[in-house]
Amino acid sequence: MADNQKKLVVLTGAGISAESGISTFRDSGGLWEKHRVEDVASPSGFARDPRLVWRFYKARYLQSLEVEPNPGHYALVQIEEQLGGRFTLVTQNVDGLHYRAGSQRVFEMHGRLRTAFCTACNTKKDMSELDLELDIPICPNCRAAMRPDIVWFGEIPYYMYEIESALKDCSVLMVIGTSGAVYPAAGFVMTAKYMGARTICVNLDRPDNMIFVDEFHKGKAGEILPNLVEPLLNSLA
Ligand code: APR
């Protein structure tokens, strides 16, 4: 691809799935008001009480199968159809809704609810291939405990090389539905801005990293994004 072509990177967070009925983490009533992060989203929490951790992720996995993508997810599919390889979608979400909406290439940096991997031999399996009736699903290969394919606090997110390369090379970064509280994702807007990109944010509230945002659209992603598709594509022509 010619290097002078304008490229778009989009980073999404829990807010884009809120209108599909999935709880965010830090809003009032969010997941982290009901559960302690260190209990359900850390390697030490899993070592202490794997049954509790599995209960939490099985419930989230089953819920993710019941909800549907919303107009915010579909707007990003439309953008990808137009921009092809000039578009990179990065998500902190583990719900799989971008894929279900039709996005072709998604960097799920915090993992995914629909897979699990073996704590002993690393075999990766789709959740649908595991016996979820068990308190702790076991590896079909070596019978050791499986764990959710989720990047927990203290672990290194997936695809960091691909994401950082895209951030350094984009003309626009748009962040959607994320509080800007969790690193490294919260730092992407700063990286892209320092590398010369225009930064756009679509969010219900001002994110923590607002200082690096050039253009703020306050409101619901599912209502704002469909109207942003055309102006955004024009600006990238
Ligand atoms: N449209 C746009 N934004 C919304 C909407 C909506 N319909 N509903 C809520 N939001 C905004 C909230 O105002 C909030 O700023 O989405 C943001 C959600 O923030 P968080 O709950 O912190 O979620 P996120 O930023 O994705 O969390 C990052 O934290 O615990 C971890 O691993 C977890 O990936 C997650 C990471």
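In this text the structure is predicted, and so the values were computed from the model without any measurement.

Concerning the overall build of the chain
Helix and strand counts for the chain come out as ten helices and nine strands. Per-residue burial for the chain yields a buried fraction of 52% across its 237 residues.

A look at the site of the ligand
Close to the ligand lie 23 residues, the nearest being Phe25, Arg26, Trp32, Thr178 and Ser179. Take threonine 178: an N or O atom from its side chain is 2.6 Å from an oxygen atom of the ligand. Asparagine 203 places a side-chain nitrogen or oxygen 2.8 Å from an oxygen atom of the ligand. Protein chains shield 95% of the accessible area of the ligand, which is 730 Å² for the free molecule. Among the residues forming the shell around the ligand, the class breakdown is eight nonpolar, ten polar and five charged. Two domains each put at least three residues into the shell around the ligand: domain 1 (1-22 + 69-110 + 157-237) and domain 2 (24-66 + 111-150).

Here's the deal with the sheet that holds strand E5 (residues 124-126)
The strand order across the open sheet formed by three strands is E5-E4-E6, and the pairing between neighbours is antiparallel. Whereas interior strands pair on both sides, the edge strands pair on one side only; in this sheet they are E5 and strand E6 (146-150). On average, adjacent strands in this sheet sit at an angle of 40° to one another, irrespective of strand direction. Bridge count between strand E4 (residues 111-118) and E5: three bridges; the pairing is antiparallel.

Description of the side chain of asparagine 203
Along the chain, the position of asparagine 203 falls in strand E8 (residues 198-203). In terms of polar contacts, asparagine 203 uses its side chain to reach the backbone amide nitrogen of threonine 178, at 3.0 Å.

As for the domain arrangement of the chain
The domain boundaries assigned to the chain delineate domain 1 (1-22 + 69-110 + 157-237) and domain 2 (24-66 + 111-150). Using only C-alpha atoms to locate each centre, domain 1 and domain 2 end up separated by 26 Å. Opposite the 20 residues of domain 1 that make contact, domain 2 presents 16 residues. Carbon and sulfur atoms supply 44% of the area that domain 1 and domain 2 bury against each other, a total of about 1,300 Å² over both sides. Residues glutamate 108 and arginine 112 are paired through a salt bridge, measuring 2.8 Å at the closest nitrogen-oxygen approach.

Some thoughts on the state of the cysteines
Within this structure, the stated rule accounts for zero disulfides. Cysteine cysteine 118 is unpaired, with the sulfur of cysteine 142 as its nearest cysteine sulfur at 3.5 Å.

Details of the pattern of salt bridges
According to the stated counting rule, one finds 15 salt bridges in the structure shown. One salt bridge connects aspartate 169 with lysine 7, and the closest N-O pair in it is separated by 2.8 Å. Note that aspartate 169 is positioned in the loop between helix H8 (160-168) and strand E7 (172-176) and lysine 7 in the segment before strand E1 (8-12), a separation of 162 residues in sequence. Taking relative accessible area as the criterion, aspartate 169 reaches 34% and is therefore assigned partly exposed. Glutamate 108 is the partner of arginine 114 in a salt bridge, and the nearest nitrogen-oxygen pair spans 2.9 Å. It is possible to trace a salt-bridge network through shared partners that takes in Glu108, Arg112, Arg114, Lys124 and Asp149.

Considering the sheet that holds strand E3 (residues 106-108)
In space, the six strands of this open sheet follow the order E3-E2-E1-E7-E8-E9, with parallel pairing throughout. The sheet is open, and its two edges are formed by E3 and strand E9 (215-218), each paired on a single side. Neighbour-to-neighbour, the strand axes of the sheet open up by a mean angle of 15°, direction not taken into account. Contacts between helix H10 (residues 221-235) and the sheet are confined to E1, E7, E8 and E9, with E8 contributing the most and set at about 160° to the helix.

As for the environment of asparagine 141
Position of asparagine 141 relative to the elements: it lies in the loop between E5 and E6. Expressed as a C-alpha distance, the spacing of asparagine 141 and threonine 123, which sit 18 residues apart in the sequence, is 7.3 Å. Discounting chain neighbours no more than four positions away, the residues touching asparagine 141 are Cys121 and Thr123. Reaching out from asparagine 141, the side chain makes a polar contact with the side chain of threonine 123 at a distance of 3.3 Å.

Analysis parameters
- Residues numbered from 1 in each chain as written.
- Predicted model: local features only at pLDDT ≥ 70, side-chain atom pairs only at ≥ 80, totals over all residues.
- Heavy atoms only, no water.
- Helix = DSSP H or I, 4+ residues; strand = E, 2+ residues; numbered from the N terminus.
- Buried < 20%, exposed > 50% of the residue type's maximum accessible area, 1.4 Å probe, protein only.
- Near = heavy atom within 4 Å.
- Polar contact = N/O pair within 3.5 Å; in protein donor to acceptor, adjacent residues only side chain to side chain.
- Areas by Shrake-Rupley, 256 points an atom, 1.4 Å probe, with all protein chains shown as cover.
- Nonpolar A, V, L, I, M, F, W, Y, C, P; charged D, E, K, R; others polar.
- Domains from an automatic or database assignment.
- Pairing = 2+ DSSP bridges.
- Axes fitted to C-alpha atoms, helices over the stretch in contact; angles between N-to-C directions.
- Contact = heavy atoms within 4.5 Å.
- Buried area = accessible area lost by both parts, 1.4 Å probe.
- Salt bridge = Lys/Arg side-chain N within 4 Å of Asp/Glu carboxyl O.
- Disulfide = S-S within 2.5 Å.

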